[in-house]
Number of protein chains: 2
Amino acid sequence: MEDFKKLAEQYKSELLDSVLPFWLEKSQDKEFGGYFTCLDRKGEVFDTDKFIWLQGREVWMFSKLYNKVERRKEWLDAAIQGGEFLKKYGHDGNYNWYFSLTREGKPLVDPYNIFSYTFATMAFGQLSIATGNEEYAEIAKKTFDIILSKVDNPKGKWNKAHAGTRSLKNFALPMILCNLALEIEPLLDPEFMQKSIDVCIHEVMDVFRRPELGGLIVENVAEDGSLVDCMDGRHMIPGHAIEAMWFIMDLGKRLNRPELIEEAKNTALKTAEYGWDKEYGGIFYFMDLHGHPTQELEWDQKLWWVHIETLISMIKGYQLTGDERCLEWFKRVHDYVWTHFKDPKYPEWFGYLNRRGEVLLELKGGKWKGCFHVPRGLYQVWQILETLK
Amino acid sequence: MEDFKKLAEQYKSELLDSVLPFWLEKSQDKEFGGYFTCLDRKGEVFDTDKFIWLQGREVWMFSKLYNKVERRKEWLDAAIQGGEFLKKYGHDGNYNWYFSLTREGKPLVDPYNIFSYTFATMAFGQLSIATGNEEYAEIAKKTFDIILSKVDNPKGKWNKAHAGTRSLKNFALPMILCNLALEIEPLLDPEFMQKSIDVCIHEVMDVFRRPELGGLIVENVAEDGSLVDCMDGRHMIPGHAIEAMWFIMDLGKRLNRPELIEEAKNTALKTAEYGWDKEYGGIFYFMDLHGHPTQELEWDQKLWWVHIETLISMIKGYQLTGDERCLEWFKRVHDYVWTHFKDPKYPEWFGYLNRRGEVLLELKGGKWKGCFHVPRGLYQVWQILETLK
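What counts and what doesn't
Residues numbered from 1 in each chain as written. Chains lettered and ligands numbered in written order. Predicted model: local features only at pLDDT ≥ 70, side-chain atom pairs only at ≥ 80, totals over all residues. Heavy atoms only, no water. Helix = DSSP H or I, 4+ residues; strand = E, 2+ residues; numbered from the N terminus. Rg over C-alpha atoms; globule rule 2.2 N^0.38 Å. Buried < 20%, exposed > 50% of the residue type's maximum accessible area, 1.4 Å probe, protein only. Contact = heavy atoms within 4.5 Å. Phe/Tyr/Trp six-rings, centres within 6.5 Å; stacked < 30°, edge-to-face > 60°. Lys NZ or Arg CZ within 6 Å of the ring centre and 35° of its normal. Axes fitted to C-alpha atoms, helices over the stretch in contact; angles between N-to-C directions. Parallel < 35°, antiparallel > 145°, perpendicular 65-115°, else oblique. Left-handed = near helix turned anticlockwise from the far one by under 90°. Nonpolar A, V, L, I, M, F, W, Y, C, P; charged D, E, K, R; others polar. Least-squares fit on C-alpha atoms with pLDDT ≥ 70 in both. Expected span 1.5 Å × (residues − 1). Bend = angle between axes of the 7 residues up to and from the residue. Buried area = accessible area lost by both parts, 1.4 Å probe. Salt bridge = Lys/Arg side-chain N within 4 Å of Asp/Glu carboxyl O. Polar contact = N/O pair within 3.5 Å; in protein donor to acceptor, adjacent residues only side chain to side chain. Pairing = 2+ DSSP bridges. Core = buried A, V, L, I, M, F, W, Y, C linked by side-chain atoms within 4.5 Å.

J.: Please provide a residue-by-residue account of the overall build of chain A, values included.
T.: The helix and strand tally for chain A stands at 12 helices and 14 strands. For chain A, the C-alpha radius of gyration of 20 Å lies close to 21 Å, the compact-globule estimate for 389 residues. Each principal axis of the C-alpha atoms in chain A carries an extent, and together these give about 55 × 55 × 40 Å. When each of the 389 residues of chain A is scored for burial, the buried share is 63%. Sequence-distant contacts, at least 24 apart, represent 66% of the contacts inside chain A between residues at least 6 apart.

Printed below as a string of structure tokens:
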């Protein structure tokens, strides 16, 4: 493990020689444009519906690699064709982004989900940088404006919570905005951006992160910021919290705020400790703050993204603070990930394991798993490992 | 097993001496009325929110037992206090039934869910018979009328499906209506009732039950009744299908249609065979018609209601047709249920097991498990076993 160079090579080669070729070859719909994401163990398409989260994320991924790693034409072509499909079919004409489409691009599920908007913004932000195409930048900016207008009620008319009884606010949107802010910073007015970033950092670190819980993060709090003793109020997603902490570290680096990096690193460590399954290894998907039964039946499963985001947070925490505990956690999760999620036989990684770490679903992509967490994680870890000595 | 009398005694005593006392003692909210349903392994309340499905089902259960088994005052009192809570707080004043309430009865989640209406109808129908109170009968009738007015779009404004692209209709509502029809038959106009029943039987047996699948049932079909090759269109819930078949057998008995009973019994057998986990035993929760990965991460779990409903369908199938395969299936599932779901230490049964049959959540009640499937199943099986020789 001390041989960071060798390890960097492992992540780099997995990304460039295995995972990216898989998505380039298997996911592109050469007939209708966009991407298939429902891919079985071998990469065969088992369903042709197209989900805006995953369309946007794949556009983003190929654009990002084109912008940051190498100017490969096949990456740019893949990004542009997906971007064009999204531009044409992904929204209602006013940048309200559907949740899913048929293969041909007809809307299937209406724009109820704010994260369809955030991933569209990321996609077109990064694609505009890759192409210099001002139209893409405009789509990103317009969509970002709509997101900001929806911050107080992201679910809009689909919100089932009865007004006035128990209004909760949710962690996911401010968390994602911490990442999105840096992604589209070049496109926006600096003063406005600075203000938005301050608000998001405050929400994540001072509202959802709880000093009374030793710095753990809850998914929902009351409007006034207090903890609520109900299922949603006790709901915890360790993977979410840990992922958010590398977004915060990136912001700490960008804003030159080492104390923010330190706090984020400590919360990532605390959450990994809290979420680790002492019996079978791996990090639980959902937990209840008081240890009560969770609402979610899949609470004890081990999900790819949770573990890959933990790798990023730990290696970034080590890079930025030198805390040896981060390195120990990176090693532990690295061992778990490569022996459990990596498919020894076919490219790309498994996404869903049961508590014991056995494969629960053999798919390589589906409704929620696409060309995103695995390649983004491999890219991030590879880049960071290359800086370590 | 041939000793049906002894077995009947086992079901009866589990119901009367263990399960019902558990709910009477642990679930009633003596302060605000209604029922707690979030109860841990020992029956301690771990959350006080009240879910209309489960409030309605508990009112129904105690009313039903009062009407059918014995005129116990404690059952009637429990039913009435729950009914009064529901009457006062469960709806918006126009019999639009919320999904959940706070402990005190304030609305938490708006009336998006049609099954809140169906269980309210069952509750007040049975409670009106128990009490002779005409007001309860009126609530049942009015709510039933609203259900019928919503049949074409049960989700109303919360429907996220984009109109015109891929309209699917779902099995659950016609299935429940098959049961509800008999439940509230005494309250309604006979001619109207007969017509409604005919429509529901047609939907269940001729639309969702598929001859090309050997009589298996799918959860969603196109408006024109055809199969759709998408995740929802391939979605199967064996427990649903098997449960529906005893509703159909009851209708077959009521309508004196032995051929309907025969068909329902065959579909129950076919589905049990299809859904049985050959490796670990038990019946899967969700399956994909083509064997593709399911959307649901909990697909391989073993749920209490699936197995209890199978017991009912199999013993009823045996009672009504004499098919020995039903008795074999009853034995197999009986053995699984009593060794896996029954808690050897505390009353009431576990609800959620992992694929291996190990307890996944220790709760005895929660957001979806209340005083319903276990006692209804014990009651049904007990009653049927007593008729067998």
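Back to the text.
J.: Describe the packing of aromatic side chains, and please don't skip the residues or the numbers.
T.: Geometrically, a pair of aromatic rings is defined through the distance of the ring centres and the angle of the planes. Summed over the entire model, instances satisfying the criterion amount to 54 aromatic pairs over all chains. Seen in terms of ring centroids, B:Trp276 and B:Tyr336 are 6.2 Å apart; in terms of plane orientation they differ by 75 degrees. Their pairing is edge-to-face. Taken together, the positions of B:Trp276 in the loop between helix H9 (258-275) and strand S11 (287-288) and B:Tyr336 in helix H11 (residues 324-340) put the pair 60 residues apart, joining distant regions of the chain. Each member of the aromatic cluster is reached from another via a ring pair, and the members are A:Phe51, A:Trp53, A:Trp60, A:Phe99, A:Tyr112, A:Phe115, A:Phe119, A:Trp368 and A:Phe372. Its guanidinium or amino end placed over the ring of A:Trp276, A:Arg332 lies 5.6 Å from that ring's centre, counting from NZ or CZ.

J.: Give me the packing of H9(B) against H11(B): which residues, what numbers.
T.: Residues and elements named next belong to chain B. Contact geometry of H9 with H11 gives a least axis separation of 11 Å together with a crossing angle of 40 degrees. Between H9 and H11, the crossing angle belongs to the class labelled oblique. H9 and H11 meet at a crossing whose hand is left-handed. Taking contact as the criterion, the partners of Lys 265, Asn 266, Leu 269, Ala 272 and Glu 273 in H9 are, on H11, Arg 325, Cys 326 and Trp 329. A class-by-class count of the residues in the contact of H9 with H11 yields four nonpolar, one polar and three charged.

J.: Please give an account of the relation of the copies chain A and chain B that cites residues and values.
T.: After a rotation of 180 degrees and a shift along the axis of 0.0 Å, chain A superposes on chain B with an RMSD of 0.0 Å. Such a turn and shift between the copies fits a two-fold axis. Of the interface residues in chain A, 100% have counterparts in chain B that sit at the interface too, so the contact is made through matching surfaces.

J.: Tell me about helix H1 (residues 4-26) of chain A, residues and numbers included.
T.: Over its 23 residues, H1(A) runs 31 Å from end to end, which matches the ideal 33 Å to within 8%, given 1.5 Å per residue. Taken as a whole, H1(A) carries its principal kink of about 35 degrees at A:Leu15.

J.: Pulling in residues and values, what's your account of the side chain of B:Thr271?
T.: As for its position among the elements, B:Thr271 is in helix H9. Every residue in contact with B:Thr271, bar those within four places of it in the chain, is listed here: B:Leu216, B:Pro238, B:Ala241 and B:Ile242.

J.: So, the interface of chain A and chain B: which residues are in play, and what are the values?
T.: Chain A puts 44 residues into the contact, and the matching count from chain B is 44 residues. Taken together, the two surfaces of chain A and chain B that pack against each other cover about 3800 Å², and 56% of this comes from carbon and sulfur. Along the contact surface separating chain A from chain B lie six salt bridges. The residue A:Asp47 makes a salt bridge to B:Arg234 at a minimum N-O spacing of 2.9 Å. Taken together, chain A and chain B are joined by 22 residue pairs in polar contact (both at pLDDT 80 or more). Residue assignment for the side of chain A that touches chain B shows that the elements contributing at least two residues are strand S2 (45-47), strand S5 (107-109) and strand S14 (359-361) of chain A. A total of three residues in the side of chain A that touches chain B trace back to one element, the largest contributor, which is S5(A). Residue classes in the side of chain A that touches chain B are distributed as 21 nonpolar, nine polar and 14 charged.

J.: Account for unusual backbone geometry, with residues named and values stated.
T.: Although it is not a glycine, A:Glu348 adopts a positive phi angle of roughly 65 degrees. Inspection of the secondary structure assignment puts A:Glu348 in the loop between helix H11 (324-340) and strand S13 (352-353). One non-glycine residue, B:Tyr95, lies in positive phi territory at about 60 degrees. Positionally, B:Tyr95 belongs in the loop between helix H3 (73-89) and strand S4 (100-101). Residue classification places B:Tyr95 among the buried positions, given a relative accessible area of 19%.

J.: Which residues make up the sheet that holds strand S14 (residues 359-361) of chain B, and what values do they have?
T.: Residue and element names in this part refer to chain B. Strand order in this open sheet of three strands is S12-S13-S14, and the pairing throughout is antiparallel. The sheet terminates laterally at strand S12 (302-303) and S14, the two strands that pair on one side only. Bridging between strand S13 (residues 352-353) and S14 involves two bridges; their strand directions are antiparallel. Paired with Tyr 352 across the two strands is Leu 361, which belongs to S14.

J.: Just give me the short version of the environment of B:Val337, but keep the residues and values in it.
T.: Residues and elements named next belong to chain B. Checked against the element boundaries, Val 337 lands in helix H11. Assessed through its relative accessible area of 0%, Val 337 is described here as buried. Each C-alpha atom, one on Val 337 and one on Trp 349, is 9.4 Å from the other, the two residues being 12 residues apart in sequence. Excluding anything up to four places from it in sequence, Val 337 contacts His 307, Leu 311, Lys 342 and Trp 349.

J.: Outline the pattern of salt bridges, supporting the account with residue identities and numerical values.
T.: Taken as a whole and assessed by the stated rule, the structure comprises 72 salt bridges over all chains. Between A:Lys316 and A:Asp250 there is a salt bridge, with the nearest N and O atoms lying 2.9 Å from each other. Pair noted here: A:Lys316 is in helix H10 (residues 304-321) and A:Asp250 is in helix H8 (residues 238-254), with a separation of 66 residues, a long-range link. The pair A:Lys316 / A:Asp250 is uniform in exposure class, with both members buried. The partner of B:Lys141 in a salt bridge is B:Glu134, and the shortest N-O contact between them spans 3.9 Å.

J.: Tell me what's going on with the sheet that holds strand S5 (residues 107-109) of chain B, and back it up with residues and numbers.
T.: The strand order S3-S4-S5 (chain B) describes an open sheet built from three strands, whose pairing is antiparallel. The open sheet terminates on both sides in strands that have one partner only, identified here as strand S3 (50-51) and S5 of chain B.

J.: Please give an account of the packing of helix H1 (residues 4-26) of chain B against H3(B) that cites residues and values.
T.: Residues and elements named next belong to chain B. Relative orientation of the contacting elements H1 and H3 amounts to 35 degrees, with a least axis distance of 11 Å. The handedness of the crossing between H1 and H3 is left-handed. Along the contact surface, H1 presents Leu 16, Leu 20 and Leu 24, while H3 presents Glu 74, Trp 75 and Ala 78. The residue makeup of the contact of H1 with H3, split by class, is five nonpolar, no polar and one charged.

J.: Report on helix H7 (residues 190-208) of chain A, specifying residues and quantitative values.
T.: Residue and element names in this part refer to chain A. The end-to-end C-alpha distance of H7 is 26 Å, a good match for the 27 Å that 19 residues give at a rise of 1.5 Å each. Along H7, the sharpest change in direction is near 25 degrees and occurs at His 202. Residues of H7 that are buried: Met 193, Ser 196, Ile 197, Cys 200, Ile 201, Glu 203, Val 204, Met 205, Val 207 and Phe 208.

J.: Give me the nonpolar core: which residues, what numbers.
T.: Burial of nonpolar side chains together is a common tendency in soluble globular proteins. In this structure, A:Tyr11, A:Met245, A:Ile248, B:Tyr11, B:Met245 and B:Ile248 are the most contacted members of the largest nonpolar core, which totals 290 residues. Those residues in contact with A:Met245, other than ones at most four positions away along the chain, are A:Val204, A:Met205, A:Ile217, A:Ala264, A:Thr267, A:Ala268 and A:Ser313.

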